[in-house]
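Working through the structure, step by step
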Amino acid sequence: MPELPEVETTRRGVAPHVIGQQVAALHVYDRRLRWPVPRSLQKKIVGRTVDALDRRSKYLLFRFGEDTLLVHFGMTGSLRAYTHAPPRIAHDHVDIVLSSGITLRYHDPRRFGAILWVPRSVAAHPLLAALGPEPFDAACDAHYLWRATRRRRAAIKLALMDARLIVGVGNIYANEALFRAGIRPTIPAGSISQRRFQRLIDEVRATLTEAIAQGGSTLRDYVDSNGAPGYFQLTYFVYGREGLPCRVCRNAIKSVRLGGRATFYCPQCQR
Ligand SMILES: [Zn+2]
């Protein structure tokens, strides 16, 4: 599933090819994504110019003046740019052709993604309105996280993955950041001190930054490449390492399920 680092890498890979470009044509080959690609999109988008390409949580936001084309990748979506678009393959659902001749192609085998047109304030859109702050926002600091979790008995890992508290911390990054911060994933969020939240937000940012930096090495794959950019394989401390020795203390990594998600921790390093 594309996580924040993959979406941010897509944004950086695609942005130079779309900003300042006019939409020359839109081709929708299959509307049946998570929500149907609106039939009116052609009329709304052709002739408009992309002013900016932003990201909010895992949404890509193509800015057209006050209006926005919102793209989400669901489970298996991806976006590529081509100077000469090759013949379509299975699951290529939408082409956006720009005035430069570049084609942006949306590919999504499982079709859980979304391409929606949002007039005016995209921040008020139901998909975005309830989202918490971005992990890199200055306001998303230890004091904010500490204050927001005082009455929460839910496990810290569940809180960390709750998009109303903070966006963009998926399962892998939650596991890894909690290890690096020395915090056991199962302890109640409300019992964590502000000092430990400082360590945690530092490690969330460091983990995401490393994944985004690794994505940087795949940026050229977004243009004129046949292979899909791979998932970013950090050297994980705990994720997927049940029973293997901890890279720090050599104790066996344990695994539990939290909220239905695989959760890994070191019983020695994480308290
Ligand atoms: Zn350990």
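Residues numbered from 1 in each chain as written. Predicted model: local features only at pLDDT ≥ 70, side-chain atom pairs only at ≥ 80, totals over all residues. Heavy atoms only, no water.

Topic: the sheet that holds strand β8 (residues 114–118)
- With antiparallel pairing, the four strands of this open sheet are ordered in space as β2-β3-β4-β8. Unpaired on one side and paired on the other, β2 (52–56) and β8 mark the two borders of the sheet. Between one strand and the next, the sheet's axes are offset by a mean angle of 20°, whatever the strand orientation.
- The pairing of β2 with strand β3 (residues 59–64) spans five bridges and is classified as antiparallel. Within β3, the position partnered with Asp-54 by the bridge is Leu-61. (Pairing = 2+ DSSP bridges. Helix = DSSP H or I, 4+ residues; strand = E, 2+ residues; numbered from the N terminus. Axes fitted to C-alpha atoms, helices over the stretch in contact; angles between N-to-C directions.)

Overview of the environment of Lys-254
- Assignment of secondary structure puts Lys-254 in strand β9 (residues 254–258).
- Given the relative accessible area of 43%, Lys-254 is considered partly exposed.
- Measuring from C-alpha to C-alpha, the distance between Lys-254 and Ala-25 comes to 52 Å, with 229 residues separating the pair along the chain.
- The residues touching Lys-254, leaving out its near neighbours within four places in the chain, are Thr-263, Phe-264, Tyr-265 and Pro-267. (Buried < 20%, exposed > 50% of the residue type's maximum accessible area, 1.4 Å probe, protein only. Contact = heavy atoms within 4.5 Å.)

What to know about the side chain of Thr-149
- One can find Thr-149 in the loop between α4 (142–148) and α5 (156–160).
- Excluding its chain neighbours within four sequence positions, the residues that come into contact with Thr-149 are Leu-165, Ala-189, Gly-190 and Phe-197.

What about the coordination of the zinc ion?
- The coordination sphere of the zinc ion, as far as protein atoms go, consists of Cys-246 (SG), Cys-249 (SG), Cys-266 (SG) and Cys-269 (SG), spread over 2.2 to 2.4 Å.
- Every donor counted, the four donor atoms about the zinc ion form angles of 96 to 114° at the centre, which fits tetrahedral coordination.
- Written as a sequence motif, the donor arrangement for the zinc ion is C-x2-C-x16-C-x2-C. Residue Cys-246 is found in the loop between α7 (194–216) and β9, and its partner Cys-266 is found in the segment after β10 (261–265); the two are separated by 20 residues along the sequence.
- Accessibility expressed as a relative area gives 0% for Cys-266, which makes it buried. (Donors = N, O, S within 2.8 Å, 3.2 Å for Na, K, Ca; no water. Tetrahedral: all angles 85-135°; square planar, octahedral: opposite > 155°, others 65-115°.)

A few points about the nonpolar core
- The biggest cluster of nonpolar side chains holds 28 residues, and the ones touching the most others in it are Phe-62, Leu-69, Leu-104 and Ile-115.
- Of the residues forming this core, the biggest block, four residues, is contributed by helix α1 (residues 4–18).
- Aside from chain neighbours lying at most four places away, what touches Leu-69 is Leu-41, Ile-45, Leu-60, Leu-61, Phe-62, Phe-64, Ile-96, Ile-115, Leu-116 and Trp-117.
- Cys-140, Ala-174, Ala-181 and Ile-201 belong to the second-largest nonpolar core, a separate cluster that totals 24 residues. (Core = buried A, V, L, I, M, F, W, Y, C linked by side-chain atoms within 4.5 Å.)

Quick notes on the sheet that holds strand β7 (residues 103–107)
- With antiparallel pairing, four strands are arranged side by side in an open sheet as β1-β6-β7-β5. Each end of this open sheet is capped by a strand with a single partner; those strands are β1 (23–28) and β5 (78–82). With direction set aside, neighbouring strand axes in the sheet form an average angle of 15°.
- Pairing of β1 with strand β6 (residues 92–98), which is carried by five bridges, proceeds in the antiparallel orientation. Of the residues in β6, the one forming a bridge with Leu-26 is Ile-96.

Concerning the pattern of salt bridges
- For the structure on display, the rule yields 16 salt bridges.
- Two residues, Glu-134 and Arg-56, come together in a salt bridge whose shortest N-O distance is 3.0 Å. Of this pair, Glu-134 sits in the loop between α3 (126–129) and α4 while Arg-56 sits in strand β2, and the two are 78 residues apart along the sequence.
- According to the relative accessible area criterion, Glu-134 is buried, its value standing at 8%.
- Between Arg-105 and Asp-95 there is a salt bridge whose closest N-O contact spans 2.8 Å. With Arg-105 in strand β7 and Asp-95 in strand β6, the pair connects residues that are 10 residues apart, well separated along the chain. An identical accessibility class is assigned to Arg-105 and Asp-95; each is buried.
- Linked through salt bridges whose partners overlap, the residues forming this network are Glu-8, Arg-11, Arg-12, Arg-55, Arg-56 and Glu-134. (Salt bridge = Lys/Arg side-chain N within 4 Å of Asp/Glu carboxyl O.)

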